[in-house]
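A look at the structure
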Amino acid sequence: MLFSGLTCPQITLLPSSSSQDALIVMPELSLEKGLSEYFVVQNRDQKLNDTQMYDDGLLIWHVDATATQYGFIYDNSYSEHSLIKLKSADADHYYQPEHEFTSISSPSSQSYRPSNAAVEIKNIQKSATDISLSASIVNVPEITLSGLQYFEALSAENLITANVSSVDALVKVSLFANDVLVGEDLEAPYQFTVSSAGINEGEVVIRAEALTANAKGVSELRSLKLPDEPSLLVVNFGNDTRLAETLKYFKKPVVELSDIPIVATENSPAMFIISERYADTTVFTNDQFSRVQAYVALGGHVYYENTEWYWESAEINEQWQQLGIVATNQWSQNDTTISGDNDSVLAGLNFSTPSSWFLLNELTAAEGFTTAKNLWDIDGEDFSIGVTNTIGSAKIIATTGEFSWLASGLTTDVLSRYLDFFELDSTLKPSEVSIDLASASNYFIEGESTVTFEVRRTFDDNTDSAVTVSVVSENAIVGQDYLPLATTQISFLANEELKLISLTLTDDLLADGDKELFITIEGENVDINNAQ
């Protein structure tokens, strides 16, 4: 049954095991939106394909079948906005007579997009096999938020206005920041002051809720809270966090984001943007690229990594030629060495192409730009996969390679040079050193065991990260229960992050019960949470 009107009388659904019954509720149905958002309601019993399920009742599916000429826009990945999502009444998923599915229930029937209509499933009644219910499409308040732009950084105090349009009388309007209530207002204008104090650094969800006697309208706006000191931003459209994790070894704070922000360059002087293979975003929307351009116009430095540039070159080139860099049709999949250009900040560095699938795509200066320079050159090929450019006081690095291709010993060196190119502080934090057992078990039999410990540092900080190792025990005796350590001083070599030390247990031929021993490390770089 397809339902797109305002009210549907009590209807009965036969079980899916014996019929094709399903109720489809389409609040947005129109000639232009034949494939859009809708809800599917089924009566599912424990028969046929559902024999192994732990209950029966109504299942409600939220579908967004919005499509282009290339197929559905959304899929069933881990993103919040899915092609098909099961709306679970509780831990059992099934809707029973005690449940309702409305704009004010949890989960709610709110659409993914701002809308003045919501679905209601009520009056659920069960017989031996059939389930009846009432369905309706109700008016909900529409809300737009002003006073802050999408993904704009919060200031100390932010005046937010909830502009509400509602057919029915409003009971109240509430504003939340990261699910924490900011305030409630009972009459227009619905205004709230959001203080950044007390909000955690990173992305912030500002949510307004407008409540009538029977329905709730919701609108959300994403913002961000920056550290008090200038920070480095990482916008990651994929899943590879290696660049962000390596940046955290440097002294400047790092904030990880899921979209291009609106920030002042004095608060965030550099932005690292990663769009790897299979990333959610490989081509910026016009709005996203406008934010990048505005940031560069203010003097913000940008690192841009996109391994899909070759496949989307027409659209990406149209944008990035405005910043002086484009991709050509030149490519290679030959195993080779990638070297820093001799006239670049990466001179003297090199690494091998990855063992996994890769495609090396040439980047070069866009027509009319004379400041673009090669950065990463392909040995044996006459082209580069990395280019730098300078526009005013802003500096840009673009590459069609992945940061994750770098050997672990190169990562901090490369990022240090990138920061040097941006004329930013490239000072590393001290590396942290920790110790742990190499085996899963922490119980050993004396006289039969050599116990191995792993001493690790987080990264090569250009020092030897020296630590002192010792054995501590209240009831074990050196020379009787264990042998002295072969060394008590550990220093790391360049690019070295792991050292192994061994403790030999001896048999004193005495029935003297269990004994505890601890290996401890001391030094300036020791991680106090993992020091023994």
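Located above this text is the structure these notes cover.
The present account deals with the structure reproduced in this document.

Analysis parameters
- Residues numbered from 1 in each chain as written.
- Predicted model: local features only at pLDDT ≥ 70, side-chain atom pairs only at ≥ 80, totals over all residues.
- Heavy atoms only, no water.
- Helix = DSSP H or I, 4+ residues; strand = E, 2+ residues; numbered from the N terminus.
- Buried < 20%, exposed > 50% of the residue type's maximum accessible area, 1.4 Å probe, protein only.
- Contact = heavy atoms within 4.5 Å.
- Pairing = 2+ DSSP bridges.
- Axes fitted to C-alpha atoms, helices over the stretch in contact; angles between N-to-C directions.
- Core = buried A, V, L, I, M, F, W, Y, C linked by side-chain atoms within 4.5 Å.
- 1 Å grid on protein atoms, 1.4 Å probe; cavity = no way out; pocket = protein on both sides within 12 Å on 5 of 7 lines; lining within 4 Å.
- Points joined across faces, edges and corners; volume = space filled by probe spheres on them.
- Nonpolar A, V, L, I, M, F, W, Y, C, P; charged D, E, K, R; others polar.

**Considering the side chain of Ser82**
- Mapped onto the elements of the fold, Ser82 is located in the loop between strand 7 (71-72) and strand 8 (84-87).
- Ser82 gets classed as buried once you look at its relative accessible area, which sits at 5%.
- Beyond its immediate sequence surroundings of up to four residues, Ser82 is in contact with Asp64, Tyr74, Asp75, Asn76, Ser77 and Tyr112.

**Remarks on the sheet that holds strand 11 (residues 142-146)**
- Across the sheet, 3 strands lie side by side as 11-12-15; this open sheet has antiparallel pairing. The open sheet is flanked by strand 11 and strand 15 (190-195), the only strands paired with a single partner. For this sheet, the mean angle separating the axes of adjacent strands, direction not counted, is 25°.
- Inspection of the sheet shows strand 12 (residues 157-165) paired to strand 15 by 6 bridges, in the antiparallel sense. Paired with Glu157 across the bridge in strand 15 is Ser195.

**Points about the nonpolar core**
- Of all hydrophobic cores here, the largest spans 36 residues; its most connected members are Leu243, Leu247, Phe272, Trp376, Val414 and Tyr418.
- Those elements giving two or more residues to this core turn out to be strand 18 (232-236), helix 1 (242-247), strand 20 (270-275), strand 26 (373-378) and helix 4 (411-421).
- With 5 residues, helix 4 is the single largest residue contributor to this core.
- With sequence-adjacent residues up to four places away left out, Leu247 is seen in contact with Leu232, Val234, Val254, Phe272, Leu415 and Leu419.
- Ranked by size, the runner-up nonpolar core spans 32 residues in total, among them Val296, Trp320, Leu363 and Ala398.

**Remarks on the layout of surface pockets**
- Space inside the second largest pocket adds up to approximately 770 Å³.
- Along the walls of the second largest pocket sit 25 residues, with Asn442, Phe444, Lys515, Glu516 and Leu517 positioned nearest its centre.
- Secondary-structure elements contributing two or more residues to the lining of the second largest pocket are strand 29 (433-437), strand 30 (450-457) and strand 34 (518-522).
- Across the lining of the second largest pocket, the residue classes tally to 13 nonpolar, 5 polar and 7 charged.

**Concerning the environment of Leu154**
- Residue placement: Leu154 occurs in the loop between strand 11 and strand 12.
- Taking C-alpha positions, Leu154 is 9.0 Å from Val263, a pair spaced 109 residues apart along the chain.
- Ignoring any residue separated from it by four or fewer positions in sequence, one finds Leu154 in contact with Leu148, Ser196, Ile199, Val204, Ser223 and Leu224.

**A short note on empty space enclosed by the protein**
- Tallied over the full model, the rule gives 2 cavities of 30 Å³ or more.
- Its volume calculated, the largest cavity comes out at about 90 Å³.
- As for the largest cavity, its lining consists of Tyr303, Phe351, Trp376, Ile385, Thr399, Gly401, Glu402, Phe403, Trp405, Leu406, Val414 and Tyr418.
- The residue makeup of the lining of the largest cavity, split by class, is 9 nonpolar, 2 polar and 1 charged.
- Reported here for the second largest cavity is a volume of approximately 30 Å³.
- Lining the second largest cavity are Asp240, Arg242, Leu243, Ile274, Glu305, Phe403 and Ser404.
- Broken down by class, the residue content of the lining of the second largest cavity amounts to 3 nonpolar, 1 polar and 3 charged.

**What to know about unusual backbone geometry**
- Of note, the amide linkage connecting Ser106 to Pro107 takes the cis form, showing an omega dihedral of 0°.
- In this structure, Pro107 sits in the loop between strand 8 and strand 9 (117-126).
- A cis amide bond, omega -5°, links Ala188 with the succeeding residue Pro189.
- By secondary structure assignment, the location of Pro189 is in the loop between strand 14 (180-185) and strand 15.
- The phi dihedral of Glu423 falls on the positive side, at around 60°, and the residue is not glycine.
- Mapped onto the fold, Glu423 is located in the loop between helix 4 and strand 29.
- The class of Glu423 is exposed, set by a relative accessible area of 63%.

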